[in-house]
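As a plain string of letters, each chain reads:
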Amino acid sequence: AVVRPFEEAEFFLEYIPSSLHEVETGEIVIEDRKAGKWVHKVSGHGLPPTLMEETVIVASIRMPQSTSVLFHNPFPHPITLNLTIDTEEQEGVFKFMLKKTRHLQVTAYSSLQMPISFTPERMDVHQGTIVLEVDNSEDPESTPLAWRYPIQGVVEATSSGPKAPAFHFTTKARTPLTKQIEVQLTGLGELSKGEAYTHDLIFPAAEKSMLKKALRIEALDKFLTSSEVPLRFTVIFEPLKVFTTKVDFVVSKASGGRWRFELQLEATEPDLDGVISLEAIIGRTASKVIEFANPSSGSKSTLFTAFMTPETPIEFTVSPESGTMVEDSPVSVEVSFTPYEYGKSKTSGRLVIQTDDMQWMYTIKGSSPKYIPPQGASSIREQQELPEEVKQFMAQAPGKRDQKNYVRMNLKADLHHKEK
């Protein structure tokens, strides 16, 4: 690390105790070849373990799901453990997938994987605690020591397969769509009076920022009076650019249990933002500048790209092809048309400008000026007289004119010459 004159630097120390109630010491040495050496003495002592991080398992009713919980032995000596699950759930909801759960020996600084399974029987919250106790049977007077790992079982209704409920939403980009949907919560069983239901949207990571602005859902019902009655929601879909994707819509019950539904979203091409017409002669370039502003994206700047669609002729170009849009400051791009071939009076293409959240589309039309041949007047005056022999020749019918076959005459002369 480099510390400039009269400046400070921070160093972070991580301490992992390897004993209980015993003071452990050490030194931190900071040394520089010219400035000298600083020595900091450190000490620490270990405390009994507190509640560990919770483990969440998601499963469907009567469909086992498993996960693993990792234990790390912090001591420089082996320990022997007994494993149990402390829960008020019925037997078999949570269980270890180990053949042996007592007198498990874990060597110094090594780890133990504890696979457990979760098989729910009802749409409700399920909780338990994995308890790892040090086996003190050989030393009854030693201090009891145990690690506790909370586990929570979340029940999710089965929504896979060809009959899984899915909702489809299609609209043009920049054209809002509002639609009401009803979702049936299967496997509810007996309802608790006044129990609330919440909902959430799970977006694909790559499209999360865009979709959070394009899609929102409002609940029309917060409570259910019967398990046969569906919950109603209003879906507001306001896409700003063209895309197709899927989103998970999750409904959760306060006492445990959740239902997952698939929302299929499609934003098609929007209405055109305008038509740009350019006219240029062959080999020359005509250009036009268009401006567009940064959408209300909540950020002070955003990147944009500008391009012609693949079917657009090469006579059309756009510049710049990328850049940064700054808040409250319009951006300009220049569209150019350079015709290269004769015979094409008109041609057209499509310009697209887009950011992560927004998209603009223009039709580009290019044309060349219509060619008008020059109109000239004869230099021969109408009253000028032609020679008499010319008049007589022109007056003759085509059949009476002297029509000699000069090619045949030349061939005969050449043949006669060769025979001599």
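Preceding this paragraph is the structure being described.
Reading the values: the criteria
Residues numbered from 1 in each chain as written. Predicted model: local features only at pLDDT ≥ 70, side-chain atom pairs only at ≥ 80, totals over all residues. Heavy atoms only, no water. Pairing = 2+ DSSP bridges. Helix = DSSP H or I, 4+ residues; strand = E, 2+ residues; numbered from the N terminus. Axes fitted to C-alpha atoms, helices over the stretch in contact; angles between N-to-C directions. Core = buried A, V, L, I, M, F, W, Y, C linked by side-chain atoms within 4.5 Å. Buried < 20%, exposed > 50% of the residue type's maximum accessible area, 1.4 Å probe, protein only. Contact = heavy atoms within 4.5 Å. Phe/Tyr/Trp six-rings, centres within 6.5 Å; stacked < 30°, edge-to-face > 60°. Lys NZ or Arg CZ within 6 Å of the ring centre and 35° of its normal. Patch = residues over 30% accessible without salt bridge, like charges linked within 9 Å, V, L, I, M, F, W, Y side chains within 5 Å. Areas by Shrake-Rupley, 256 points an atom, 1.4 Å probe, with all protein chains shown as cover. Salt bridge = Lys/Arg side-chain N within 4 Å of Asp/Glu carboxyl O.

A.B. asks: Just to check I follow, could you spell out the sheet that holds strand β16 (residues 243-253) for this structure?
C.D. replies: Sheets are built from strands that pair by backbone hydrogen bonding, the pairs being arranged parallel or antiparallel. In spatial order, the strands read β11-β17-β16-β13; together these four strands make up an open sheet with mixed pairing. Each edge of the sheet is formed by a strand with only one pairing partner; in this case those strands are β11 (166-172) and β13 (197-202). Averaged over all pairs of adjacent strands, the angle between strand axes in this sheet comes to 25 degrees, irrespective of strand direction. Pairing of β11 with strand β17 (residues 258-268), which is carried by seven bridges, proceeds in the parallel orientation. Residue pairing in the sheet places Lys-172 in a bridge with Thr-268 of β17.

A.B. asks: Where do I start with the nonpolar core in this structure?
C.D. replies: Within the largest apolar cluster, 54 residues are counted, with the highest numbers of intra-cluster contacts made by Leu-81, Met-114, Trp-147, Val-183, Leu-185, Phe-249 and Leu-263. A per-element tally of this core places β17 first, with five residues. Sequence-distant contacts of Leu-185, that is, excluding residues within four places in its chain, are made with Tyr-197, Leu-224, Ser-227, Leu-231, Val-251, Trp-259 and Phe-261. Core analysis: the next-biggest nonpolar cluster, separate from the first, contains 22 residues, Ala-280, Leu-351, Met-358 and Trp-360 among them.

A.B. asks: Before we go on, may I ask you to explain the packing of aromatic side chains in this structure?
C.D. replies: Working definition: an aromatic ring pair is given by the centre-to-centre distance plus the angle between the planes. Taken as a whole and assessed by the stated rule, the structure comprises ten aromatic pairs. On the basis of an interplanar angle of 65 degrees and a centroid distance of 6.4 Å, the ring pair of Phe-75 and Trp-147 is categorised as edge-to-face. In this pair, Phe-75 is assigned in the loop between β4 (65-72) and β5 (79-87) and Trp-147 in strand β10 (residues 146-155), connecting sequence segments 72 residues apart. For the pair shown, Phe-75 and Trp-147 are each scored as buried. Taken together, the ring pairs in this structure connect Phe-167, Phe-233, Phe-249 and Phe-261 into an aromatic cluster. Its end group placed over the ring of Phe-169, Lys-179 keeps NZ or CZ at 5.3 Å from the ring centre.

A.B. asks: Explanation requested: the sheet that holds strand β9 (residues 126-134) in the structure shown.
C.D. replies: Taken in spatial order, the five strands make up an open sheet running β3-β10-β9-β5-β7, and their pairing is mixed. A strand with exactly one partner marks an edge of an open sheet, and here the two such strands are β3 (55-59) and β7 (104-106). With strand direction ignored, the average angle separating the axes of adjacent strands in the sheet is 30 degrees. Bridging between β5 and β9 involves seven bridges; their strand directions are antiparallel. By the bridge assignment, Leu-83 is partnered in β9 with Leu-132.

A.B. asks: Looking at this model, I keep getting lost on a nonpolar patch on the surface. Mind explaining?
C.D. replies: The grouping of Leu-386, Val-390, Phe-393 and Met-394 at the surface amounts to a nonpolar patch, some 380 Å² of accessible area in total. Assignment of secondary structure puts Leu-386 in the loop between β25 (359-367) and α2 (388-395). We classify Leu-386 as partly exposed; its relative accessible area is 47%.

A.B. asks: Looking at this structure, I do not really get the side chain of Thr-338. What am I missing?
C.D. replies: With respect to the secondary-structure elements, Thr-338 resides in the loop between β23 (331-337) and β24 (346-354). The exposure class of Thr-338 is buried, given its relative accessible area of 13%. Once residues within four sequence positions are removed from consideration, Thr-338 is found in contact with Gly-283, Arg-284, Thr-285 and Glu-315.

A.B. asks: How do you make sense of the pattern of salt bridges when you look at a structure like this?
C.D. replies: Oppositely charged side chains are able to pair whenever their charged atoms sit close together. For the coordinates displayed, the defined rule picks out 14 salt bridges. Arg-258 is the salt-bridge partner of Glu-156, the closest N and O atoms lying 2.9 Å from each other. Of the two residues, Glu-156 sits in the loop between β10 and β11 while Arg-258 sits in strand β17, which places them 102 residues apart along the sequence. Here Arg-260 and Glu-156 are joined by a salt bridge, their closest N and O atoms 3.0 Å apart. Remark: Glu-156 occurs in the loop between β10 and β11 and Arg-260 occurs in strand β17; sequence separation between them is 104 residues. Among the residues examined, Glu-156 registers a relative accessible area of 12% and is labelled buried. Salt bridges here are not isolated pairs; linked through shared partners, they connect Glu-156, Asp-248, Arg-258 and Arg-260.

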